[in-house]
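Survey of secondary and tertiary structure
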Amino acid sequence: MTPEAYRARMLETLPAMADFLARACQHGSAPSAADLRAAVDVGYASMLQNPDVHAAARAVRAYLQDVVRAHKA
């Protein structure tokens, strides 16, 4: 999968990401659209550095975990 294809796929998952983050942050503020776009950018940047889908997914997951922690605080 190319970085561009990965980015396009990630953009398709934004509604699911928003739902996941809203549930994860039930007792805090909801993440913004900018948080979600940043997650896509993290995955895209990871793919540009190393075209490994699994590494990109781990980078996105780590970013989203940081977002959840920040919004739960």
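In this report, the structure presented in the accompanying data block is examined. (Residues numbered from 1 in each chain as written. Predicted model: local features only at pLDDT ≥ 70, side-chain atom pairs only at ≥ 80, totals over all residues. Heavy atoms only, no water.)

1. A short note on helix H2 (residues 14-24)
Our working rule: Note on exposure labels: buried denotes an accessible area under 20% of the residue type's maximum, exposed denotes more than 50%, and partly exposed covers the range between, all computed with a 1.4 Å probe on protein chains only. Secondary structure elements follow DSSP: runs of H or I of four or more residues count as helices, runs of E of two or more count as strands, with numbering from the N terminus. To be clear, the arc concerns the directions from the helix axis to the C-beta atoms.
For H2, the complete set of buried residues consists of Leu-14, Met-17 and Leu-21. Looking down the long axis of H2, one finds its buried residues gathered within 60° of arc, a one-sided arrangement. Along H2, the residues that are exposed and aim more than 90 degrees away from the buried face are Pro-15 and Ala-16.

2. Concerning the pattern of salt bridges
This is how it is decided: For this document, the term salt bridge refers to a Lys or Arg side-chain nitrogen within 4 Å of an Asp or Glu carboxyl oxygen.
In this structure the tally under the stated criterion is two salt bridges. Of the charged contacts in the structure, one is a salt bridge between Arg-9 and Glu-12, with a shortest N-O distance of 3.2 Å. Here Arg-9 pairs with Glu-12, and both are found in helix H1 (residues 3-12), just three residues apart, close to one helical turn. When the shortest N-O distance is used, the salt bridge between Arg-69 and Asp-66 registers 2.5 Å. Placement of both Arg-69 and Asp-66 in helix H4 (residues 53-72) is noted, with a separation of three residues, approximately one turn of the helix.

3. Digging into the environment of Asp-35
Quick reminder of the rule: Residues are treated as being in contact if the distance between any of their heavy atoms lies within 4.5 Å.
Assignment of secondary structure puts Asp-35 in helix H3 (residues 33-49). For Asp-35, a relative accessible area of 16% translates into the label buried. Considered as a pair, Asp-35 and Asp-52 are 17 residues apart in the sequence and their alpha carbons are 23 Å apart. Contacts of Asp-35, omitting those with residues within four sequence positions, involve Tyr-63, Val-67 and His-71.

4. Overview of the packing of H2 against H3
Threshold: Axis definition: a line fit to C-alpha positions, over the contact stretch in the case of helices; interaxial angles, taken between N-to-C directions, run 0 to 180 degrees. Small angles under 35 degrees read as roughly parallel and large ones over 145 as roughly antiparallel, with 65 to 115 read as roughly perpendicular and the rest as oblique. Left-handed describes a crossing whose near helix is turned anticlockwise from the far helix through less than a right angle; right-handed describes the clockwise counterpart. Note on residue classes: Ala, Val, Leu, Ile, Met, Phe, Trp, Tyr, Cys and Pro are nonpolar, Asp, Glu, Lys and Arg are charged, and everything else, Gly too, is polar.
Put simply, H2 and H3 touch, their axes get as near as 10 Å, and they point 120° apart. When the axis of H2 is compared with that of H3, the two are oblique. With respect to the hand of their crossing, H2 and H3 are arranged in right-handed fashion. Along the contact surface, H2 presents Leu-14, Met-17, Ala-18 and Leu-21, while H3 presents Leu-36, Arg-37, Ala-39 and Val-40. By residue class, the composition of the contact of H2 with H3 is seven nonpolar, no polar and one charged.

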